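Descriptive structure summary
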Protein chains: 2
Amino acid sequence: MYFCVNKYLMTRSEENYIKTIFHLGRKGTQEVATNAIAELMETKPSSVTDMIKRLSEKDLVNYKRYQGVSLTALGNKTALGIIRKHRLWEVFLVEKLDFSWDEVHEVAEQLEHIKSDKLIDSLDRLLAFPKFDPHGDPIPDKNGGFKERDRELLSEVAINTGGVCVGVKDSSATFLKFLDKNGIALGNQIKVMEIEEFDGSLNIEIDGRKMQISHVIASNLYIKAKDEI
Amino acid sequence: MYFCVNKYLMTRSEENYIKTIFHLGRKGTQEVATNAIAELMETKPSSVTDMIKRLSEKDLVNYKRYQGVSLTALGNKTALGIIRKHRLWEVFLVEKLDFSWDEVHEVAEQLEHIKSDKLIDSLDRLLAFPKFDPHGDPIPDKNGGFKERDRELLSEVAINTGGVCVGVKDSSATFLKFLDKNGIALGNQIKVMEIEEFDGSLNIEIDGRKMQISHVIASNLYIKAKDEI
DNA sequence: ACAAATTTTTAGATTTGCCTAAAATTTAAT
DNA sequence: ATTAAATTTTAGGCAAATCTAAAAATTTGT
């Protein structure tokens, strides 16, 4: 395969930049700003500029001075490969090693850089080709293809509707632990009963149990909207 | 834990040096030579000297100029930790991902550097606390303890004796593939029928089947000597 | 024992990836 | 539109890990 030449020469640091640029590029459609990359990676803008030049020479990003950066087709494919590995390892950690969903990220950040096609394809098979990671995010297939699940934020749905909880927007350990503590997990049936006008907090029914959650919580939970309950 | 402070600051390169010094130190009881390290790691003696100095400052090795190098107690513990990880990952690759025993080394070389105590202990549990890796080498426990199995080289046993094949001395892909091709695997019952005076080759019976192997092959196969057959 | 060969170390350079400080460019504000 | 503010890049430096070439120490051979 053609792209392998490139993939196998990439350093850990280069891979992390590519991944960050990919994630930032998803949000806005525009070019990604140097400062944004630096902030997310907890490094300095000057370091980012350095790296961007190197990535540009390897044809992983499109770069024009002062104009921000975007991934090339090759960069995009590379990013999806790394994300595939990250998310498959997350599934492995939860399914096979009993990690909780707030513990997987740190270790997956290391495992995602292991280089072996056979390893990741075998892992995929061991896990029975999962389509989503423990936070509900889609796992790209071998060729980088994946489809975003049809979902919406709980904060956006109308009263008396709901669906199955299928993902989180914020997957920080803090938020995930909060959800654990309150018995909220992927797969739960959630129905919005009432929305408080004053602060936007929601009265919901989750797997039959009634509880109240703030607007912030609701705006970080995805549900698969399919039917009125 | 005290040693963790050190462990978590180690670079991949430092870990590889420690591992190499450990392996070389096993063979001879003496100090390990700079040149020997350089050769095994495919690097230059001057690079080795540089690194040894750094390791010495971190109290991982004992070092006196021109006098070779040996691991400190801390260095030894560190080495055993890395070897534990390497061998557990090898078991994982064979048992769970259907790798063959000649394919595991390269990937395990990468996986052994992943830093997470929880990860490795969970992996240990998933694999049901294996005591030996796919080549028959012992896996250190959490505290670095392990016992060498009571075994001997097939080339050393007397005619009409034998035992179960429990390990290989040379675990290069070349040798392992040769064994596969000839249907020799760990667990086989092997009995020495005759030893050729001329070239030292052996007529053996392996799981009931008769075959002839060279002295070189026999001197790279370990059997658990327990009983005459 | 002493010269020759080998091994080991030093010295100085290179690459990667990061830093700080200062200069260049773009964007925002009045 | 021009200045002020923010962003981005350049320039120069640093640490890790490597290299080559040359110097120092040890070992070996006779």
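The numbering scheme is per chain: residues are counted from 1 as the chain's sequence reads. All chains are assigned letters beginning at A, and all ligands numbers beginning at 1, according to the order in which they are written. This being a predicted model, a pLDDT of at least 70 is required before a residue's local features are given, and a value of 80 or more before pairs of side-chain atoms are given or counted; all residues contribute to the totals for chains, interfaces and linings. Side-chain metrics rest on all non-hydrogen atoms present in the structure, leaving aside hydrogens and water.

**Regarding the pattern of salt bridges**
The working definition used for a salt bridge is a side-chain nitrogen of Lys or Arg within 4 Å of a carboxyl oxygen of Asp or Glu. Inspection of every chain in the model, using the stated rule, returns 25 salt bridges over all chains. For D133 of chain A, the salt bridge goes to R87 of chain A, with nearest N and O atoms at 3.6 Å. One end of the pair, D133 of chain A, is in the loop between α7 (117-126) and β3 (152-153); the other, R87 of chain A, is in helix α5 (residues 73-95), with 46 residues separating them in the sequence. To sort residues, take the accessible area from a 1.4 Å probe on protein chains only and compare it with the maximum for the residue type: under 20% means buried, over 50% means exposed, and anything in between is partly exposed. Note on R87 of chain A: relative accessible area 14%, which makes it buried. Across the salt bridge formed by E103 of chain B and K118 of chain A, the nearest N and O atoms sit 3.2 Å from each other. Note that E103 of chain B is positioned in the loop between α5 (73-95) and α6 (104-111) and K118 of chain A in helix α7, a pairing that runs across two chains. Since its relative accessible area comes to 29%, E103 of chain B is described here as partly exposed. You can call K118 of chain A partly exposed: its relative accessible area is 37%. In this structure, a network of salt bridges that share partners links the residues R84, D121, D124 and K142 of chain A. Note on conventions: DSSP H or I runs of at least 4 residues are helices, E runs of at least 2 residues are strands, and numbering of each starts at the N terminus.

**Focus on the relation of the copies chain A and chain B**
Screw-axis analysis of chain A against chain B gives a translation of 0.0 Å along the axis, an RMSD of 0.1 Å, and a rotation angle of 180°. What the superposition gives is, in effect, a two-fold axis relating one chain to the other. Residue L111 of chain A of chain A places its C-alpha closer to the rotation axis than any other residue of that unit, at 3.8 Å. Most of the interface of chain A is mirrored in chain B, where 100% of its interface residues are also at the interface. The superposition of copies rests on a least-squares fit of C-alpha positions from residues with pLDDT of 70 or more in both. Here, two residues are considered to be in contact whenever any of their heavy atoms come within 4.5 Å of each other.

**Digging into the interface of chain A and chain B**
Chain A puts 22 residues into the contact, and the matching count from chain B is 22 residues. Summed over both partners, the accessible area (1.4 Å probe) lost when two parts come together is defined as the buried area. For the pair chain A and chain B, the summed buried area comes to about 1700 Å², and 67% of that belongs to carbon and sulfur atoms. Our count for the contact surface shared by chain A and chain B stands at 4 salt bridges. In this structure, R125 of chain B engages D98 of chain A in a salt bridge whose closest nitrogen and oxygen atoms are separated by 3.8 Å.

**Digging into the protein's contact with DNA strand D**
Here, proximity means that at least one heavy atom of the residue falls within 4 Å of the molecule or strand. Around DNA strand D, the structure places 22 residues, and the nearest of them are K53 and Y63 of chain A together with T43, S47 and R54 of chain B. Sugar plus phosphate, as a fraction of atoms of DNA strand D within 4 Å of the protein: 75%. Polar contact criterion, stated in full: a pair of N or O atoms within 3.5 Å, where within protein one must be able to donate a hydrogen and the other to accept it, and residues adjacent in sequence count only if both atoms are side-chain atoms. A distance of 3.1 Å is found between a phosphate oxygen of DNA strand D and a side-chain nitrogen or oxygen belonging to T34 of chain A. Take Y66 of chain A: an N or O atom from its main chain is 3.0 Å from a phosphate oxygen of DNA strand D. Looking at the surface near DNA strand D, the elements with two or more residues in it are α3 (34-41) and α4 (45-57) of chain A together with α2 (12-27) and α4 (45-57) of chain B.

**Points about the domain arrangement of chain A**
Residue and element names in this part refer to chain A. The domains assigned to chain A are domain 1 (1-147) and domain 2 (152-228). Residue ranges assigned to the domains are those given by an automatic or database domain assignment. Each of domain 1 and domain 2 was reduced to a C-alpha centroid, and the two centroids are 29 Å apart. With 6 residues of domain 1 in contact, the opposing surface of domain 2 contributes 12 residues. Roughly 700 Å² of surface becomes buried between domain 1 and domain 2 when both sides are summed, with 63% attributable to carbon and sulfur atoms. The largest share of the area that domain 1 buries against domain 2 comes from W101, D102 and H135, three residues that together contribute 79% of it. Taken together, domain 1 and domain 2 are joined by 0 salt bridges. Linking domain 1 to domain 2 there are 3 residue pairs in polar contact (both at pLDDT 80 or more). We call Asp, Glu, Lys and Arg charged. Ala, Val, Leu, Ile, Met, Phe, Trp, Tyr, Cys and Pro are nonpolar, and the rest, Gly among them, are polar. A class-by-class count of the residues in the side of domain 1 that touches domain 2 yields 2 nonpolar, 2 polar and 2 charged.

**Observations regarding the pairing of strand β4 (residues 161-168) of chain B**
Put simply, side chains in a regular strand alternate between the two faces of the sheet. All names here are of chain B. Summarising burial for β4: 8 of the 8 residues are buried, a large majority. When DSSP finds two or more bridges between two strands, those strands count as paired. Pairing analysis gives 3 bridges linking β4 to strand β5 (residues 189-195), with the strands arranged antiparallel. The residue of β5 that forms the bridge with G162 is K191.

**Topic: the protein's contact with DNA strand C**
Around DNA strand C, a shell composed of 21 residues is seen, among which T11, S47 and R54 of chain A together with K53 and Y63 of chain B lie nearest. Close to the protein, within 4 Å, the atoms of DNA strand C belong to sugar or phosphate groups at a rate of 76%. The contact in question runs from a base nitrogen of DNA strand C to an N or O atom on the side chain of Y66 of chain A, over 3.3 Å. Take T34 of chain B: an N or O atom from its side chain is 3.1 Å from a phosphate oxygen of DNA strand C. Considering only residue class, the surface near DNA strand C consists of 7 nonpolar, 9 polar and 5 charged.

**Some points on the packing of aromatic side chains**
The criterion for an aromatic pair is that two Phe, Tyr or Trp rings (for Trp, the six-membered ring) have centres within 6.5 Å, with stacked assigned to planes under 30 degrees apart, edge-to-face to planes over 60 apart and tilted to the rest. Applying the stated rule across the entire model yields 4 aromatic pairs over all chains. Pairing F92 of chain A with F92 of chain B gives two aromatic rings, centres 5.2 Å apart and planes at 65°, and the pair type is edge-to-face. On the criterion of chain membership, the pair formed by F92 of chain A in helix α5 and F92 of chain B in helix α5 is interchain, its members lying in two chains. Taken together, a centroid distance of 5.5 Å and an interplanar angle of 85° make the contact between W89 of chain B and F92 of chain B edge-to-face. Note that W89 of chain B and F92 of chain B are positioned in helix α5 at a spacing of 3 residues, about one turn of the helix.

**With respect to the packing of α2 of chain B against helix α3 (residues 34-41) of chain B**
Residue and element names in this part refer to chain B. To get an axis, fit a line to the C-alpha atoms, keeping to the stretch in contact for a helix; angles then go from 0 to 180 degrees between the N-to-C directions. At a minimum axis distance of 10 Å, the contact between α2 and α3 shows a crossing angle of 115°. Once α2 is placed against α3, the crossing between them reads as right-handed. Within the contact between the two elements, α2 uses N16, Y17, T20, I21 and L24 and α3 uses A36, I37, L40 and M41. For the contact of α2 with α3, the residue count by class is 7 nonpolar, 2 polar and no charged. Helix crossings fall into two classes, left-handed where the near helix is turned counterclockwise from the far one by less than a right angle and right-handed where it is turned clockwise.

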